[in-house]
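# Survey of secondary and tertiary structure
Here is what each chain is made of, one letter per residue.
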Amino acid sequence: MLSHYDAVVVGAGPAGSVAARKLAQHGLNVLLIEKRQEIGVPVRCAEAIGDEPTRPYIDIDPRWINATITRYAICNSAGDHVNVPPAGLTYVVDRKVFDWELAHLASKAGAHIRTRTSATNLIRENGQVTGVRITSMGKEYAIQCRLVIAADGTESQVARWGGLNTVPPMADFYVGFQYLLGGIRVDPTRCEYHVGTALAPGGYAWVFPKGDDTANVGLVISANHAAEVSAQTYLDRFVARLFPKANILGAVAGGIPATGALKKMVADGLMVVGDAAHQADPLTAGGINLGMIGADMAAQAAEKAFDAGDLSAQALSEYEKLWRDRFGVQHRALYQIRKIIASMDDALFGKLIRTAAQLPLQDMGLGEILLAVLRHHPQLLLESRKLITTGLVIMK
Amino acid sequence: MFLRQQVQERQVVVDHNLCFFCGACVAICPPDSIFLDNTHLSIDDKTCTRCERCVRMCPVHALSMEP
Ligand SMILES: Cc1cc2nc3c(=O)[nH]c(=O)nc-3n(C[C@H](O)[C@H](O)[C@H](O)COP(=O)(O)OP(=O)(O)OC[C@H]3O[C@@H](n4cnc5c(N)ncnc54)[C@H](O)[C@@H]3O)c2cc1C
Ligand code: SF4
Ligand code: SF4
């Protein structure tokens, strides 16, 4: 470990490893630090990623694929379900191996990596970030650098130290709990989403197979619905109903912001990526692919800023523009869809599922599906106005 | 005066047997009063505003306001 770097990346999740690799490939001196003693462990995730958005960042490798998903089902507690055509192949992966491989690629590109090494504060001069204080294997260091990339996940403190407001409203924060269940029977090609106010208020439950006898079974609820009954208790009820005889091979807790990305993701000498920047999908809370894309965009803007010798917030803000142009409208719409689903009662949701189940979904585009559903449920028209005002061009 | 003291004496307490060290509470604490090491969680009484957000949302209800 040196005392000076061009860039220090804090957090070796998918976002941090991609950012570190891209910057190192640009010829910059990069340090990637991770507070855990081992990269990827413990897993805090349901481990579903898309094939197409993953390909730019890592070669698809059977060593980290546990299941290949070709079908999705949306279900409610009354037993209704609809099979939704897939938007593309999905993999349920082993994130221990996946995250490790991504860090390995950063290492191969020349980044220095240290685990059991935490950022403890930023060093700033006249507001400009000029370094980061770290504790590495119990020893303290002050590392000088021109850019810090905060990739420190949901619990991100680095961005706050840099003066950015990252605290989400409770209604836009998902809290989750998950078991890795064994000794069950599941279809290894199908992911299930379960929705219902009694089941997971403000959120949903999932069954993501990792084989034909194991699955990540978990749920998220909205943080403002978690006071009386915990996410864990909601999940225990769900598991008792669906998999009463299952073995528990692992347990995971966590939180994910569902706000859509922060408006301000840069400061002077600082960029924020991945969950730390709230880049997860505001409907499903999936953040692995989006975090890697966000890190890539940040690296693109940072490379230009280094080439121009200007690491001010102004120069780095091209990153925010890249993100907004690609995801701004889409994520605002997904956010609204979550709000609409959360305000629906279970009876209406059941009707929607039954309506959709009658449609030849495999032959229909999203716009046609929505129109057909609206024809059957005109009361939803009112809600759909919100979607249209967010700018979602449904018929595209 | 007496009331205020009572309010201030209430503290967020973590049950380390329940906590998963997941960091969700760190994310939603407005004054950044929660500190998470890999397997240790602590709360800064001096900056905590007793808003109870963390207590209400913890996925395993490992936090409580005491007494
Ligand atoms: C229950 C649950 C299920 C989920 N399921 C899915 C899913 O199926 N698909 C999906 O796409 N997403 C899912 N997500 C979200 C997904 O896990 C995250 O979006 C993703 O991990 C974000 O990647 P990241 O690199 O931004 O952050 P992380 O993967 O969280 O990595 C951040 C890293 O920073 C480290 N760190 C934190 N602070 C410091 C510090 N001070 N110094 C040094 N290092 C630090 C952490 O130890 C961590 O390793 C799920 C989340 C939860 C909680
Ligand atoms: S949210 Fe709960 S389980 Fe997670 S770190 Fe905080 S106290 Fe522990
Ligand atoms: S009560 Fe509020 S201020 Fe205190 S630790 Fe919890 S979230 Fe932070």
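A short tour of the structure in this document, coming up.

Cut-offs used in this document
Numbers given to residues run from 1 along each chain, matching the order in which its sequence is written. Each chain takes a letter, starting from A, and each ligand takes a number, starting from 1, following the order in which they are written. pLDDT decides what is reported in this predicted model: residues at 70 or higher carry local features, side-chain atom pairs at 80 or more are listed and counted, and totals for whole chains, interfaces and linings draw on all residues regardless. As a convention, hydrogens and water are excluded, and side-chain values are obtained from all of the structure's heavy atoms. What counts as a helix is a DSSP run of H or I of at least four residues, what counts as a strand is a run of E of at least two, and both are numbered from the N terminus. All radius of gyration figures rest on C-alpha atoms, and the globule criterion is 2.2 Å times the number of residues raised to 0.38. Relative accessibility decides the category of a residue: with a 1.4 Å probe and only protein chains considered, values under 20% of the type maximum give buried, values over 50% give exposed, and everything between is partly exposed. Two residues qualify as a contact provided that any one of their heavy atoms is within 4.5 Å of a heavy atom in the partner residue. This count recognises Lys and Arg as positive and Asp and Glu as negative, with His and chain-terminal groups excluded. All charge positions are set by atom: Lys at NZ, Arg at CZ, Asp at CG, Glu at CD. Strands are labelled as partners when DSSP assigns at least two bridges between them. Here an angle of 0 to 180 degrees is reported between the N-to-C directions of two axes, which are lines fitted to C-alpha atoms, with helices fitted over the stretch in contact. Any Lys or Arg side-chain nitrogen found within 4 Å of a carboxyl oxygen on Asp or Glu counts as a salt bridge. By convention in these notes, a residue is near a molecule or strand provided one of its non-hydrogen atoms lies within 4 Å of it. Counted as a polar contact is a pair of N or O atoms within 3.5 Å, where, for protein atoms, one must be capable of donating a hydrogen and the other of accepting one, and residues adjacent in sequence contribute only when both atoms are in side chains. The Shrake-Rupley method, run with a 1.4 Å probe, gives the accessible areas here. Residue values count only the displayed protein chains as cover. Nonpolar residues are Ala, Val, Leu, Ile, Met, Phe, Trp, Tyr, Cys and Pro. Charged residues are Asp, Glu, Lys and Arg, and all others, Gly as well, are polar. Note on terms: buried area is the combined drop in 1.4 Å-probe accessible area of two parts once they are placed together, counting the loss on both.

## A short note on the overall build of chain A
Counting its regular elements, chain A contains eleven helices and 18 strands. Relative to the globule expectation of 21 Å for 396 residues, the C-alpha radius of gyration of chain A, 22 Å, shows essentially globular dimensions. Projected onto its principal axes, the C-alpha coordinates of chain A cover approximately 60 × 45 × 40 Å. Residue burial in chain A is summarised as follows: out of 396 residues, 57% are buried. Relative to all contacts within chain A whose residues are 6 or more apart in sequence, the contacts with residues 24 or more apart total 70%. Taking the average location of the 39 positive side-chain charges in chain A and that of its 38 negative ones, the two points are 3 Å from each other.

## Observations concerning the sheet that holds strand E6 (residues 81–84) of chain A
All names here are of chain A. The strand order across the open sheet formed by seven strands is E6-E5-E13-E14-E15-E12-E16, and the pairing between neighbours is mixed. Both outer strands of the open sheet, E6 and strand E16 (247–257), are each paired with one neighbouring strand and no more. Ignoring strand direction, the axes of neighbouring strands in this sheet form an average angle of 20°. Here strand E5 (residues 71–76) pairs with E6 via four bridges, running antiparallel. Looking at the pairing, isoleucine 74 lines up with valine 82 of E6.

## Remarks on the pattern of salt bridges
For the coordinates displayed, the defined rule picks out 17 salt bridges over all chains. One salt bridge in this structure joins lysine 339 of chain A and aspartate 172 of chain A, with 2.9 Å as the shortest N-O distance. Of this pair, lysine 339 of chain A sits in helix H8 (residues 318–343) while aspartate 172 of chain A sits in the loop between helix H4 (158–161) and strand E12 (173–182), and the two are 167 residues apart along the sequence. Across the pair arginine 10 of chain B and glutamate 52 of chain B runs a salt bridge, and its minimum N-O distance is 3.1 Å. Linking arginine 10 of chain B in the loop between helix H1 (2–9) and strand E1 (11–14) with glutamate 52 of chain B in the loop between strand E3 (41–43) and helix H3 (53–57), this pair joins segments that are 42 residues apart in sequence. Put simply, Lys35, Arg44 and Glu155 of chain A are held in one network by salt bridges that share partners.

## Observations concerning the site of ligand 1
Residues and elements named next belong to chain A. Close to ligand 1 lie 32 residues, the nearest being Glu34, Ala46, Ala48, Arg95 and Asp275. In the model, an oxygen atom of ligand 1 is placed 2.6 Å from a nitrogen or oxygen of the glutamate 34 side chain. Here a nitrogen atom of ligand 1 sits 3.1 Å away from a polar atom, N or O, in the main chain of lysine 35. Compared with its free state, where it exposes 990 Å², ligand 1 has 92% of that area covered by protein. The set of elements that each furnish at least two residues to the shell around ligand 1 consists of helix H1 (14–25), strand E9 (117–125), strand E14 (204–209) and E16.

## Considering the site of ligand 2
Taken together, Cys19, Phe20, Phe21, Cys22, Gly23, Ala24, Cys25, Leu41, Cys58, Pro59, Val60 and Leu63 of chain B are the residues near ligand 2. Across the shell around ligand 2, the residue classes break down as eleven nonpolar, one polar and no charged.

## Some remarks on the interface of chain B and chain A
Taken together, the 23 residues of chain B in the interface contact 29 residues of chain A. Interface area for chain B against chain A, summed over the two sides, is near 2,000 Å², with a carbon-plus-sulfur share of 58%. The tally of links between chain B and chain A comes to one salt bridge. A salt bridge links arginine 160 of chain A to aspartate 32 of chain B, with the nearest nitrogen and oxygen atoms 3.6 Å apart.

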